[in-house]
Amino acid sequence: MRLLALSFAAASLHAQADFASEVHPIFAARCAGCHSGPNAQAGLKMDDRASLVKARAKIVPKVRGALGTRMPPTGDPLSEAQIQTLERWVSADLPWADVGAKAASKWQAPLAPRVVALPQNAEINPIDKFVAAYNAKRGLAWRPMIDEATFAKRVYLDLWGVTPSYEQMQPAKDRTALIDKLLADREMFAGHWISFWNDLLRNDNRAYHGEAKPYTPWLKKAIESNAPYDAMVRQLINPAGPDAPEGFLVGVNWRGDVNASQLPHMQAAQNTAQVFLGVNLKCASCHDSFINKYQLRQSYGMAAIFSEQAQLELIRCDARTGKMQGPEFLFPSLGAIKQDGTIAERRAQAAALFTHPQNGRVARTFVNRIWGRLFGRGLVEPVDDMDAEPWNADLLDWLANDFAANNSDINHLLKLILTSKAWQQQAAPIVEEKSYTFRGPQPRRITAEQFVDSLSALTGEWRLLQNDRSARFAREWEFKSTALTRALGRPIRDQVYTTRPPESSTLQALELVNGTTLAQSLRRGAQRLNGTLPAPPEPLFDSKAVRRSAGTRFRIDVAGKKEIWLLIEDAGSYDWDRTIAGWHDLRFDDNVAAQPSQTQPLKSVAFFKQSYNALTTPVGKAVHIAVPDGARTLKGTIVMDDIGRISEVNSAARFFIFPSAPDRNLLTKVSDAPPVASPKPETDAAKLTDRLFWQTLGRAPAPAEKTIAIEQLKANGGLEDLLWSLLLHPEFQYVR
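This structure is a prediction, so every number in the text was calculated from the model and none was measured.

Thoughts on the nonpolar core
Stage number 1. Leu-159 and Trp-197 are the most contacted members of the largest nonpolar core, which has 108 residues in total.
Stage number 2. It is helix H8 (residues 186-201) that provides the largest number of residues to this core, a total of nine residues.
Stage number 3. Setting aside its immediate chain neighbours within four residues, Leu-159 contacts Ile-179, Leu-182, Leu-183, Met-188, Phe-189, His-192, Trp-193, Leu-414 and Leu-418.
Stage number 4. Leu-484, Leu-723, Trp-724 and Val-735 belong to the second largest nonpolar core, which has 28 residues in total.

Some remarks on helix H6 (residues 148-159)
Stage number 1. Across its 12 residues, H6 extends 16 Å between first and last C-alpha, which sits within 8% of the 16 Å expected from 1.5 Å per residue.
Stage number 2. Counting buried residues along H6, 10 of its 12 residues qualify, which places the element largely inside the surrounding structure.
Stage number 3. Regarding H6, the residues found buried are Ala-149, Phe-151, Ala-152, Lys-153, Arg-154, Val-155, Tyr-156, Leu-157, Asp-158 and Leu-159.
Stage number 4. Sitting at the head of H6, Asp-147 places a side-chain oxygen 3.3 Å from the backbone nitrogen of Ala-149.
Stage number 5. Gly-161 sits one or two residues past H6 and shows a positive phi near 80 degrees.

Thoughts on the sheet that holds strand E6 (residues 541-546)
Stage number 1. Ordered by their spatial adjacency, four strands build an open sheet running E6-E15-E8-E13, and the pairing between neighbours is antiparallel. The open sheet has two edge strands with one neighbour each: E6 and strand E13 (623-626). Ignoring strand direction, the axes of neighbouring strands in this sheet form an average angle of 15 degrees.
Stage number 2. Alignment of E6 against strand E15 (residues 653-658), held across four bridges, turns out to be antiparallel. If you follow Phe-541 over to E15, its bridge partner there is Ile-657.

Description of unusual backbone geometry
Stage number 1. Met-71 connects to Pro-72 through a cis peptide bond whose omega is -5 degrees.
Stage number 2. One can find Pro-72 in the loop between helix H3 (56-64) and helix H4 (80-91).
Stage number 3. Cis peptide bonds are those with omega within 30 degrees of zero, and the linkage from Glu-381 to Pro-382 qualifies with 0 degrees.
Stage number 4. Its place among the elements puts Pro-382 in the loop between helix H15 (361-375) and helix H16 (393-405).
Stage number 5. Positive phi outside glycine occurs at Ser-408, with the angle close to 50 degrees.
Stage number 6. Along the chain, Ser-408 turns up in the loop between H16 and helix H17 (410-418).
Stage number 7. Phi is positive for Asp-585, which is not a glycine, with a value near 55 degrees.
Stage number 8. For Asp-585, the location among the structural elements is in strand E9 (residues 581-588).
Stage number 9. With a relative accessible area of 24%, Asp-585 lands in the partly exposed category.

Notes on the pairing of strand E2 (residues 319-325)
Stage number 1. Pairing geometry for strand E1 (residues 312-316) and E2, over four bridges, is antiparallel. Of the residues in E2, the one forming a bridge with Leu-312 is Gln-325.
Stage number 2. Two successive antiparallel strands, E1 and E2, enclose a turn made up of two residues, where Cys-317 displays a positive phi of approximately 50 degrees.

Regarding the packing of H6 against H8
Stage number 1. Where H6 contacts H8, the axes come no closer than 7 Å and their chain directions differ by 75 degrees. Judged by the angle between their axes, H6 and H8 are roughly perpendicular. From H6, Leu-157, Asp-158 and Leu-159 reach across to H8, where they touch Met-188, Phe-189, His-192 and Trp-193.
Stage number 2. Class assignment of the residues belonging to the contact of H6 with H8 gives a composition of five nonpolar, one polar and one charged.

Considerations on the packing of H8 against H17
Stage number 1. Running from N to C, H8 and H17 point in directions that differ by 90 degrees, and their axes come no closer than 14 Å. What the angle tells us is that H8 and H17 run roughly perpendicular. Across the interface between the two elements, Arg-186, Phe-189, Trp-193 and Trp-197 of H8 pack against Ile-410, Asn-411 and Leu-414 of H17.
Stage number 2. A class-by-class count of the residues in the contact of H8 with H17 yields five nonpolar, one polar and one charged.

Some thoughts on the environment of Gly-326
Stage number 1. Inspection of the secondary structure assignment puts Gly-326 in the loop between E2 and helix H14 (343-354).
Stage number 2. Looking at Gly-326, the relative accessible area reads 7%, which means it is buried.
Stage number 3. Once residues lying within four places of it in the same chain are set aside, the contact partners of Gly-326 are Tyr-300, Gly-301, Ala-304, Ala-310, Gln-311 and Gln-339.

Let's talk about H4
Stage number 1. Taking 1.5 Å per residue as the helical rise, H4 with its 12 residues ought to reach 16 Å, and the 16 Å between its terminal C-alpha atoms agrees with that figure.
Stage number 2. Every buried residue of H4 is accounted for by Ile-83, Thr-85, Leu-86, Trp-89 and Val-90. Looking straight down H4, one finds its buried side chains confined to an arc of 155 degrees; they lie on one side.
Stage number 3. Two residues or fewer past H4, Asp-93 is found with a positive phi of approximately 75 degrees.

Quick notes on the pattern of salt bridges
Stage number 1. Taken as a whole and assessed by the stated rule, the structure comprises 42 salt bridges.
Stage number 2. The partner of Arg-64 in a salt bridge is Glu-80, with the nearest N and O atoms 3.0 Å apart. Pair noted here: Arg-64 is in helix H3 and Glu-80 is in helix H4, with a separation of 16 residues, a long-range link.
Stage number 3. You can call Arg-64 partly exposed: its relative accessible area is 37%.

Let's talk about the pairing of strand E5 (residues 471-474)
Stage number 1. Pairing geometry for strand E4 (residues 463-466) and E5, over four bridges, is antiparallel. Across the sheet, Leu-465 pairs through a bridge with Arg-472, a residue of E5.
Stage number 2. Two successive antiparallel strands, E4 and E5, enclose a turn made up of four residues.

Here is what the cut-offs are and how they apply
- Residues numbered from 1 in each chain as written.
- Predicted model: local features only at pLDDT ≥ 70, side-chain atom pairs only at ≥ 80, totals over all residues.
- Heavy atoms only, no water.
- Core = buried A, V, L, I, M, F, W, Y, C linked by side-chain atoms within 4.5 Å.
- Buried < 20%, exposed > 50% of the residue type's maximum accessible area, 1.4 Å probe, protein only.
- Helix = DSSP H or I, 4+ residues; strand = E, 2+ residues; numbered from the N terminus.
- Contact = heavy atoms within 4.5 Å.
- Expected span 1.5 Å × (residues − 1).
- Polar contact = N/O pair within 3.5 Å; in protein donor to acceptor, adjacent residues only side chain to side chain.
- Pairing = 2+ DSSP bridges.
- Axes fitted to C-alpha atoms, helices over the stretch in contact; angles between N-to-C directions.
- Parallel < 35°, antiparallel > 145°, perpendicular 65-115°, else oblique.
- Nonpolar A, V, L, I, M, F, W, Y, C, P; charged D, E, K, R; others polar.
- Arc of directions from axis to C-beta.
- Salt bridge = Lys/Arg side-chain N within 4 Å of Asp/Glu carboxyl O.

Here's what the structure looks like:
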């Protein structure tokens with residue numbers, strides 16, 4: 001039922017090339033002279049994605065000289081770094097950005113806060129007053145309000161990131177009281193919204209490149225305590241103290257020959273401008289921007305704020321200009337940055353300018369992001385272009401001023417939006433039109449984390465976060481991404497991601513239909529839901545996390561055991577494939593143990609002599625050894641090669657021995673309750689069907705659906721298949 005035989009080339013999600021800042025400069029400098037305009041040679045136009053898609057198989061071979069005349073045919077060939085950039089771009093399916101010249105607009109985005117009077121009408125919520133005036137001017141009517149079940153599903157997904165349980169789907173006596181209740185549970189709230197912040201601030205529990213530093217504890221604490229947004233901005237711009245979020249400014253050290261626009265201080269300029277000011281400086285980090293008004297000089301002025309050197313030479317398309325630029329805020333009218341100050345002084349001054357009372361752009365940008373998150377489209381679109389004209393400038397400015405006046409209180413902003421009629425309307429169909437008209441919230445795809453967490457809440461099967469001290473069920477954001485979450489849009493976070501792609505893809509379809517990650521979750525979830533999940537064995541030996549081992553010896557009791565199972569788990573290595581770890585000199589009562597069939601001799605251990613009895617087992621795959629009759633003890637040594645100590649590998653392994661086949665999801669005892677109370681096993685097929693439909697689709701099953709579901713539950717594996725069918729239903733995958 002869930003098999004789909006297709007072959008495809010998976011695009012690398014790591015280090016995806018950015019078109020505007022990396023690919024376009026190459027085309028503009030070396031290709032556009034021949035391949036642009038009405039007489040483009042070979043019909044190939046570098047400013048037309050459709051043309052490039054047709055030629056995609058030839059792009060890299062041509063610049064390498066492997067297919068006819070090398071391109072470009074004159075001048076120096078492209079550097080290896082430039083060719084690799086094109087390779088990454090092609091392998092990622094030619095991601096595109098509009099870098100063409102834009103028509104001049106009469107709209108001028110204000111910098112300072114703008115005072116706006118509330119429209120005079122019968123509505124109570126200030127947002128509704130603006131929307132009512134907007135509707136009246138255009139002859140539009142309010143859409144019907146959503147029913148109680150739809151409200152419950154929408155508000156739980158938006159505040160907690162999970163669909164409500166069957167019991168929580170019951171009609172709320174007071175919608176505002178329910179909103180207050182969900183906002184008050186800061187752990188559940190943070191467990192959902194931290195993914196939004198991690199995307200926005202390029203933070204992840206696991207650093208992917210070089211000097212990148214996660215700052216999750218600071219961020220989680222800020223979300224849980226409802227820290228004022230302006231205070232968060234100041235700390236991110238000017239990190240000081242032992243718990244400061246310095247990782248935001250550190251950037252990504254790509255460890256190689258990269259464009260000057262990708263150096264860490266340039267990344268800091270790009271990220272702070274994009275996240276807090278709604279300005280895209282990526283194009284302007286190579287040359288004066290083709291897509292907005294910002295210039296190369298301004299990007300370097302921002303970069304000089306965050307650079308160890310206060311004076312930077314302007315580099316245009318990787319060519320030195322000899323011109324120098326000192327630190328300058330993007331909007332210098334707010335104040336100057338000391339040209340001879342230390343980096344700490346420059347950061348402190350920048351933090352003050354970002355949050356200056358006359359800098360209304362920071363509040364507008366954040367309010368617009370939250371509106372876009374909750375409505376499916378921002379007041380300004382795209383959300384990273386706050387120079388674009390909003391569909392309702394008065395509403396945007398009023399919201400921004402109210403947000404600032406209320407101590408940049410994010411809870412206040414969320415409650416104001418969620419209690420509005422505007423948000424509680426039925427979702428409006430997306431209409432293709434030249435000029436956007438607000439008709440209500442748009443249908444929104446649930447995120448990768450919402451998908452997985454809702455499945456866990458539905459079945460009680462959560463992933464287990466295991467460390468040396470404890471094991472606990474945890475939400476998806478705390479783990480490394482999987483093939484499933486990557487397919488559903490979770491980014492690698494090697495750069496800022498302010499939105500996730502809303503479109504479905506072939507990769508998503510393949511993973512949902514035939515992916516092992518979802519299949520395993522469904523299988524275990526179905527077993528847990530019907531009470532048939534076997535109890536896991538307790539380990540006879542647990543090494544805890546090992547990062548270096550010159551030979552850690554162990555001795556365990558195996559009296560009465562028929563077999564033992566050896567298991568090595570990755571405990572957070574940067575590159576497990578280069579780790580060499582295994583078992584040495586295993587002996588039962590001082591007799592050499594039989595070697596399991598699924599092992600390989602250790603290739604090399606720097607501090608250990610190779611031995612016929614030194615072996616490694618496949619990571620994450622348990623193998624067993626028969627225990628000789630009468631044997632009472634097993635002893636041996638665990639070893640790990642010194643190569644694992646270098647930062648590119650950073651090996652960490654955990655060694656286990658079990659008396660029976662282990663459950664990799666439950667290797668140790670769980671210390672805490674799951675994030676959401678587990679449902680009780682249900683044997684009544686009709687009741688179980690009702691519960692599953694309400695919790696996934698937010699409604700009762702239709703009679704025909706219920707009949708089919710009950711029949712399905714009678715089949716072997718029927719519950720697993722029913723869960724899969726509901727999870728793939730559009731009513732589950734969209735917030736409506």
